[in-house]
Structure formats: structure tokens, C-alpha cells
Amino acid sequence: MSRHPEVKWAQRVDKVYLTVVLADAKDAKVNLDPEGVFNFSGKAGFDNNLYEIKLELFDKVNVEESKINIGVRNIFCILEKAEKVWWNKLLRGDGKPPHYVKVDWDKWVDEDEDSGTGDLDMGGMDFSKFGGMGGGMGGMGGMGDMGDMDFSKFGGMGGDMGEMGDDFEDSDDEGEVSKPVESDAVEVEADAKTAEKAATST
């Protein structure tokens, strides 16, 4: 029996952004029909569980102009609409969408705010065309543009957390709080033992 991966979506007047959230997908197969039928299957997880979905989209799509990026964490698709109109919802039919289909609020733009200029930053993803579906494990889906982020502090997160305490010395808090010094801790411990002896001896 197959499982369903989470699917997130957003749209612009001319396209639909569809993200199949499935980390480390193997044997990923995506098929897009001009009538607006989107099929996905792939295996993932320790036991190579089969994940499948079939979505009947609200309207027709242009398969030749649609693009796909199969990344490490997800499969990201840009589906070009056959007609440049705002869809009322992702799927056709009157029922409630399946529980695994969700709005992608990171990419969502309201209809009245849509500039129609393709304003989404793709972070240098390598997109293959659906028509030629050939290769492409290009890019790292979901990673976006990392810009000038400094990852040097993440290197030794395993066991030794000693260096991380240094960041707290230059705090902008109103009250100055200093880091306890080891000798202060020993003095406090000694004072507590002296007080305890005095209390028990009387």
C-alpha cells in the first residue's frame, strides 16, 4: 500500500508552484498531462516506502513550458497555466482537498498583489522541462538562496558546546549579567557547606 507525501502549492496568474515534500526520494517519477492531471511516485525512508499522488488540477496546463527540480528534500514544480487566469483552488471538484494538500504560505501571493513578473527567487535551481523530463538531480530543493550566511558556528554542534557560551558576553540587555567564574562557584559551594555544618552542629 502506498502513502501520500505532503504537497504544498501557491500560484500566480500564469503559473502554479507545486512542492512535493519528500526527503531523499528515490525513483521519483513525475507525469503532467495537458488536461491538468499531475502524477507523482517515488520511494523514500529506511524501508523504501512507496509514495504516490494523483492530483486533478483546477484547469489545463502547458506541459512544454512547465519545469521541475528534483532536489534532496523535495520535488519542486513550476506548472505553467494554459490560460493566464487566477484559479479559485488547486483541485477541480466540489469536495474538500485531501489532508496532504496544503497552501505554501512561503510562496503565496494574493490575487490583487500579483505583479505577474515571476517574483519568486529560485535560488539557482536547475530545472528540467517536463516535456524532456530527462535528467536532473540538480540544485538542492528547499534550500533557497543562502546568501552570505555564516555557518562556522554550526561545525562542532555535536558534543562540545564550550565555544557557544562566548556569544553571551556582549549582550545588549539592560542589566549586566556576567558569566559565573569557576572560582566563584567553588566559593559559593564552600559557603553552603559551612552554613550546613553550622546548622547541624547547633
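Residues numbered from 1 in each chain as written. Predicted model: local features only at pLDDT ≥ 70, side-chain atom pairs only at ≥ 80, totals over all residues. Heavy atoms only, no water.

1. Considerations on the sheet that holds strand β5 (residues 49–56)
1) Next: Taken together, 3 strands build an open sheet; the order of strands is β3-β4-β5 and the sheet is antiparallel. With partners counted over all chains shown, the strands left at the sheet margins are β3 (26–33) and β5, one partner each. Adjacent strand axes in the sheet meet at a mean angle of 5 degrees, parallel and antiparallel pairs treated alike.
2) Next: Two strands pair when backbone bridges link them, and β3 and strand β4 (residues 37–44) are joined in this way by 6 bridges, in the antiparallel orientation. Opposite K26, over in β4, you have K43 as the bridge partner. (Pairing = 2+ DSSP bridges. Helix = DSSP H or I, 4+ residues; strand = E, 2+ residues; numbered from the N terminus. Axes fitted to C-alpha atoms, helices over the stretch in contact; angles between N-to-C directions.)

2. Some words on unusual backbone geometry
1) Next: Residue D27 is not a glycine yet carries a positive backbone phi of 55 degrees.
2) Next: Position of D27 relative to the elements: it lies in strand β3.

3. Considerations on the pattern of salt bridges
1) Next: Applying the stated rule across the entire model yields 5 salt bridges.
2) Next: Among the ionic pairs, E80 bridges to K15, the shortest N-O distance being 4.0 Å. Of the two residues, E80 sits in strand β7 (residues 74–81) while K15 sits in strand β2 (residues 15–21), which places them 65 residues apart along the sequence.
3) Next: Put simply, R92 and E56 hold a salt bridge, and the shortest N to O gap is 3.9 Å. (Salt bridge = Lys/Arg side-chain N within 4 Å of Asp/Glu carboxyl O.)

4. Points about the packing of aromatic side chains
1) Next: Counted under the stated rule, the structure contains 4 aromatic pairs.
2) Next: Here the aromatic rings of W9 and W108 are separated by 5.3 Å at their centres, their planes lie at 90 degrees, and the arrangement is edge-to-face. With W9 in strand β1 (residues 6–11) and W108 in the loop between β8 (101–103) and β9 (128–129), the pair connects residues that are 99 residues apart, well separated along the chain.
3) Next: Its relative accessible area of 8% is what places W9 among the buried residues.
4) Next: What makes W108 partly exposed here is its relative accessible area of 24%.
5) Next: Measuring from centroid to centroid gives 6.1 Å for Y17 and F76, while their planes differ by 10 degrees, and the two rings are stacked. Note that Y17 is positioned in strand β2 and F76 in strand β7, a separation of 59 residues in sequence. Each member of the pair, Y17 together with F76, is buried.
6) Next: Taking the ring centre of W86 as reference, the NZ or CZ of K81 above it sits at 5.5 Å. (Phe/Tyr/Trp six-rings, centres within 6.5 Å; stacked < 30°, edge-to-face > 60°. Buried < 20%, exposed > 50% of the residue type's maximum accessible area, 1.4 Å probe, protein only. Lys NZ or Arg CZ within 6 Å of the ring centre and 35° of its normal.)

5. Describing the nonpolar core
1) Next: F38, L55, L57 and I75 are the most contacted members of the largest nonpolar core, which totals 28 residues.
2) Next: Secondary-structure elements contributing two or more residues to this core are β1, β2, β3, β4, β5, β6 (61–70) and β7.
3) Next: At 4 residues, the largest contribution of residues to this core is made by β6.
4) Next: If near-sequence neighbours (up to four positions away) are discounted, L57 is found in contact with L18, L32, G36, F38, L79, W87, L90, L91 and R92. (Core = buried A, V, L, I, M, F, W, Y, C linked by side-chain atoms within 4.5 Å. Contact = heavy atoms within 4.5 Å.)

Functional significance is not addressed by these values, which are geometric in nature.
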